[in-house]
Amino acid sequence: MLDVQTWNPLRSDEDDEFDYIDLSSVSQELKAISDARKLRCAEAPSRARQLVKANDVLVSTVRPNLNGVALVTNEFDGATASTGFCVARPNPERLNANYLFHWVKSDAFIKSMVMQANGASYPAVSDKIVLESVIPLPDISEQRRIAAILDKADALRAKRREALTQLDRLAQSIFVEMFGDPIENPKGWASDLTLGDVADIVSGVTKGRNLTGKTTREVPYLAVSNVQDMRLSLDAVKVIEATEAEIVRYSLRNGDLLLTEGGDPDKLGRGTLWRSQLPECIHQNHVFRVRLKSNRLTPHYLNWLIGSQRGKQYFLKSAKQTTGIASINMTQLRGFPLLIPPLERQQKFDALLNAIANWKKSLEKSMQALDEMFSSVQSCGFKGELE
């Protein structure tokens, strides 16, 4: 590894601009630089120090981003990286950049970094730990061969991910085609009702409440982290002690709309539908449950209307905002102004979304198989077992 040049942007002309790569710029899913920012030197944070070159490999050193790695492409040659990354610059005569990139994406490397991370608030590893970690090192021609095989396997996964993205875009296009721009309402849908007129809205169970002397049992519950935009993340569902009365009150039913109370301003109105993914589940108090009591709206249409720019504009305007965090309350949610198209059109939209959901399930199953195949090929490659 070669030394990486550093600089201090604050000592340069304050109006000069540079590309800045911080931890949020690297997609942990894609393992790529996805959102580098243009900054003026006057705006530079203290961590903007490291000058990177094409074929450098960035390795995040701070948990929970230890799997945030990326290969610097020609587009970002000369950019500045945060000191939250260890910049690994391979000697091209001994170490192929693509081979190194695949190694730092491997389960073996990531697990090693996680085990060595230390620190109470922000567990991290040092650059020294990253740079002194052991890497399987066949000769350079074999490295290129292994990297080429892994590149091809990874490309198959990228195509599946893109297909999933296209299905999401298709759903968005269908919504706008069938109902028009929800901000402008060009089709003139009825707008005389609010969400509180057509739905029961409740917040969920509060953690840390006093349960002394009460009979309880464990039940799964959804937290804010589980409720994403148009999807549920159920990889880590926690359990909570609750009374039978609480379980009855907060139990989710098929078709309930779940909305988060707050977070980053651009995520206001984030929510998705519950489709009985678990036999029994309740929700936390920072997650609103919206249950329709009117047959004038379908859950799918309501989910997309609230998640549209109409919803985002309404929540941004009415939310309480402090230090970059925004939140909505029950009154504001009940006051959300609806657009009500004919029920038949909403039902047709539901049918189309259900078809898209089935396609996505098929692709996701294929994606899981590809991920397993890639892990197997990756493991064999670094063990020298790829013939």
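Residues numbered from 1 in each chain as written. Predicted model: local features only at pLDDT ≥ 70, side-chain atom pairs only at ≥ 80, totals over all residues. Heavy atoms only, no water.

Student: Got a minute to help me understand the nonpolar core in this structure?
Tutor: For soluble globular proteins, the rule of thumb is that nonpolar side chains tend to be buried together. Counting 39 residues, the largest nonpolar core has Leu195, Val290, Leu333, Leu338 and Phe349 as its most contacted members. Elements that contribute at least two residues to this core include exactly α4 (140-179), α5 (195-198), β10 (199-203), β15 (257-260), β19 (287-292), α7 (299-306), α9 (330-334) and α10 (343-382). Sorting elements by how many residues they give to this core places α4 first, with seven residues. Apart from the residues lying within four places of it in its own chain, the contact partners of Phe349 are Ala171, Ile174, Phe175, Met178, Phe179, His300, Tyr301 and Trp304. Formed by 28 residues, the second largest nonpolar core is a distinct cluster that contains Val69, Cys86, Trp103 and Ile110. (Core = buried A, V, L, I, M, F, W, Y, C linked by side-chain atoms within 4.5 Å. Buried < 20%, exposed > 50% of the residue type's maximum accessible area, 1.4 Å probe, protein only. Helix = DSSP H or I, 4+ residues; strand = E, 2+ residues; numbered from the N terminus. Contact = heavy atoms within 4.5 Å.)

Student: What is the right way to read the sheet that holds strand β6 (residues 57-60) from this model?
Tutor: What holds strands together in a sheet is hydrogen bonding between their backbones, with the strands either parallel or antiparallel. The three strands are arranged β7-β6-β9 in an open sheet whose pairing can be described as antiparallel. Edge positions in the sheet fall to β7 (69-71) and β9 (85-88), since each has one partner strand and no second. When the angles between neighbouring strand axes are averaged without regard to direction, this sheet yields 15°. Across three bridges, the pairing between β6 and β7 is antiparallel. Directly across from Leu58, in β7, lies its bridge partner Ala70. Sheet contacts for helix α1 (residues 97-104): β6, β7 and β9; angle to β7, the most-contacted strand, approximately 170°. (Pairing = 2+ DSSP bridges. Axes fitted to C-alpha atoms, helices over the stretch in contact; angles between N-to-C directions.)

Student: Where do I start with α10 in this structure?
Tutor: Along an α-helix, residues three or four positions apart point the same way, because every turn accommodates 3.6 residues. Between its terminal C-alpha atoms α10 stretches 57 Å, which fits the 58 Å expected from 40 residues at 1.5 Å a residue. Looking one or two places after α10, you find Gly384, whose phi comes out positive at around 75°. (Expected span 1.5 Å × (residues − 1).)

Student: Would you explain the pairing of β9 in this entry?
Tutor: Across a regular strand the side chains alternate sides, sitting on one face of the sheet and then on the other. The alternating pattern of β9 places Phe85 and Val87 on one face and Cys86 and Ala88 on the opposite face, and all of these are buried. In this sheet, β9 lies alongside β6 in antiparallel orientation, the contact comprising four bridges. Its bridge partner lying in β9, Ser60 is registered against Phe85.

Student: Even after reading the chapter, I still don't get the packing of aromatic side chains, so can you show me in this structure?
Tutor: The geometry of an aromatic ring pair comes down to the distance between the two centres and the angle between the two planes. A full pass over the atoms with the stated rule returns 15 aromatic pairs. On the basis of an interplanar angle of 70° and a centroid distance of 5.3 Å, the ring pair of Tyr99 and Phe382 is categorised as edge-to-face. Here Tyr99, found in helix α1, pairs with Phe382, found in helix α10; they are 283 residues apart in sequence, far enough to count as distant. Of the two residues examined, Tyr99 and Phe382, each falls in the buried class. Centre to centre, the rings of Phe179 and Phe349 are 5.3 Å apart; their planes meet at 80°, and the pair counts as edge-to-face. (Phe/Tyr/Trp six-rings, centres within 6.5 Å; stacked < 30°, edge-to-face > 60°.)

Student: Just checking my understanding: could you explain α4 for this structure?
Tutor: Taking 1.5 Å as the rise per residue, α4 with 40 residues should run 58 Å; its terminal C-alpha atoms sit 57 Å apart, in good agreement. Gly180 lies just past α4 and shows a positive phi near 75°.

Student: Whenever I open this one, the environment of Leu100 confuses me. Can you help?
Tutor: Looking at the secondary structure, you find Leu100 in helix α1. For Leu100, a relative accessible area of 5% puts it in the buried group. The spacing of Leu100 and Ala147 is 47 residues in sequence and 8.6 Å in space, taken between C-alpha atoms.

Student: Explanation requested: the packing of α4 against α7 in the structure shown.
Tutor: Following both chains from N to C, one finds α4 and α7 inclined at 95°, their axes separated by 12 Å at the closest point. Between α4 and α7, the crossing angle belongs to the class labelled roughly perpendicular. Listed contacts from α7 to Asp168, Ala171, Gln172, Phe175 and Phe179 of α4 are Tyr301, Trp304 and Leu305. When its residues are assigned to classes, the contact of α4 with α7 shows six nonpolar, one polar and one charged. (Parallel < 35°, antiparallel > 145°, perpendicular 65-115°, else oblique. Nonpolar A, V, L, I, M, F, W, Y, C, P; charged D, E, K, R; others polar.)

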